[in-house]
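# Remarks on the overall topology
Here is what each chain is made of, one letter per residue.
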Amino acid sequence: MNYLRYAPEIERPEPNEQATIDGIIQGMTQQSQTVEAREHHAVRASHAKSSACVTGELTIASGLPPELAQGLFAAPGTHPVAVRFAQGPGERLGDRVSTHRGMAIKVFGVAGEKLPGHDAETQDFVLATGTTFPSGTAAGFLRDGTVIGKATGLPEGVKSAVSSTMRNFNRVLHAFGTESAMADFYGHPFSHPLADIYFSQAPIRFGDYVAKLGAVPASASQRALAEWRLEPHQDEDGFRHAAVAYFREHEAVYELKAQLWADAERQPIEDASVNWPVAISPYRTVATIRLSRQDAYATARVRYFDEVMTFRPAHSLAAHRPLGSVMRARLQVYKALSDFRHGENRVVPANTGRIEHIPA
Ligand code: HEM
């Protein structure tokens, strides 16, 4: 297989990209203000409602072939990790609304040159369900984000109707003048958060190469949950309760996989809405994440994960620089929105550098 190499020129920013990013920051800040007024607390502008806050270990496979032994994965070994699982929206909705979810991973003890402004020995991978980011680009997100921004003001009952009755979907949306961008957003199956696969959706530099990442459930107990569905209306915090119940009894294991870039036409860097065909290059395992049995929602720890700790694509090795339009926007937007919410809540954010800083 002839994998394509990383070079700075593979990124092609739009001439007016900064204006788009400023627009996203402005739009998401307004949205956050709306949610803050309702919740009397500032929460993440995306992935606000956590379902599990856990720690564990990432073990880099030994004997990786040279094209996979890159960046963090260049040397076999074990690193502590912290993982925050959360529902998608930037507000803490009841779980009769099912949405895409996120898995934010912080790897500790990571030596090597970091991106400017990242001053901890860590590498974050901020993943979500779905292989693509449907908005595709920062400009696409600004357009669709406006739609979701409008939706933030809608009553929760409407979002719930959208989520549970996809047949009525267009009718509901048309009634509120919104578009199909909400389909993925509020239409995720009511699956178990620990049975889902999580993806980077957009590419990162992979040392000499480029890759998208995926975290695939790898234990028998997770696989046994493949058909599990939350009964909507059964429990407003059903996904959290399911995750906590799981971690009380079982460990969770993920294979972290890299899909190397091999075709510049059919695997574009700038448009994250394009699925990179696995027939061109498959996802290949580079590490295993093991999250042991634990209390996945301990009060002090959840407070730290939700209110203090920050997960960002910008918390990265230079060797894993996030790439493409969506990623360049994320490099700025997460900091801006975290500064906003931490400022509102009068909490000093932490770029947590050591696993010991996390409450037990
Ligand atoms: C233009 C595209 C995107 C924008 C503007 C955006 C914006 C944001 C913002 C503002 C936050 C909250 C940050 C904070 O307050 O600390 C956030 C969190 C998050 N985003 Fe995104 N996002 C984008 C794309 C993505 C993609 C492609 C993924 C995954 C594939 C993703 C997954 C997540 C997750 C998992 C979190 C929660 C992180 C945590 O637990 O702290 N986002 N996003």
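### Comments concerning the overall build of the protein
Summing up its helical and strand segments, the protein has nine helices and nine strands in all. Every one of the 360 residues in the protein was classed for burial, and the buried ones make up 45%. For the protein, restricting intrachain contacts to residue pairs at least 6 apart in sequence, the fraction spanning at least 24 positions comes to 79%.

### A short note on helix α7 (residues 238-249)
The end-to-end C-alpha distance of α7, which contains twelve residues, comes to 17 Å, matching closely the 16 Å that a straight helix rising 1.5 Å per residue would cover. When α7 is considered as a whole, its buried residues turn out to be Gly238, Phe239, Arg240, Ala242, Ala243, Tyr246 and Phe247. The inward-facing, buried residues of α7 contact β1 (50-60), β2 (77-87) and β8 (252-260).

### Points about the environment of Val54
Within the secondary structure layout, Val54 lies in strand β1. On the basis of neighbour count, Val54 is assigned to the buried category, with 24 C-beta atoms found within 10 Å. Separated by 248 residues in sequence, Val54 and Val302 place their C-alpha atoms 8.9 Å apart. Not counting residues within four places of it along the chain, the set of residues in contact with Val54 comprises Val83, Phe247, Leu291, Gln294 and Ala296.

### Looking at the confidence of the model for the protein
With 88% of its residues at a pLDDT of 70 or more, the protein shows a mean pLDDT of 90. Within the model, pLDDT remains below 50 along residues 164-184, and this stretch shows 29 contacts once partners closer than five positions in the same chain are excluded.

### A short note on the site of the ligand
Around the ligand there are 29 residues in total, and Ser46, His47, Gly102, Ala104 and Ala128 lie nearest to it. When residues of the shell around the ligand are assigned to their parent elements, the largest contribution, eight residues, is made by helix α9 (residues 325-345). Per-class residue counts for the shell around the ligand are 18 nonpolar, seven polar and four charged.

### Let's talk about the packing of helix α1 (residues 17-39) against α9
With their axes 10 Å apart at the nearest point, α1 and α9 run at an angle of 30° to one another. As judged from the angle between their axes, α1 and α9 are roughly parallel. When you trace α1 past α9, the crossing you get is right-handed. Along its contact with α1, which presents Glu17, Ile21, Ile24, Ile25, Met28, Thr29, Ser32 and Glu36, the element α9 presents Arg328, Ala329, Gln332, Val333, Ala336, Leu337, Phe340, Arg341 and Glu344. Of the residues in the contact of α1 with α9, the class split is nine nonpolar, three polar and five charged.

Rules behind the numbers
Residues numbered from 1 in each chain as written. Predicted model: local features only at pLDDT ≥ 70, side-chain atom pairs only at ≥ 80, totals over all residues. Helix = DSSP H or I, 4+ residues; strand = E, 2+ residues; numbered from the N terminus. Buried ≥ 20, exposed ≤ 12 C-beta atoms within 10 Å, placed from the backbone. Contact = placed C-beta atoms within 7 Å. Expected span 1.5 Å × (residues − 1). pLDDT = per-residue confidence, 0-100. Near = placed C-beta within 6 Å. Nonpolar A, V, L, I, M, F, W, Y, C, P; charged D, E, K, R; others polar. Axes fitted to C-alpha atoms, helices over the stretch in contact; angles between N-to-C directions. Parallel < 35°, antiparallel > 145°, perpendicular 65-115°, else oblique. Left-handed = near helix turned anticlockwise from the far one by under 90°.

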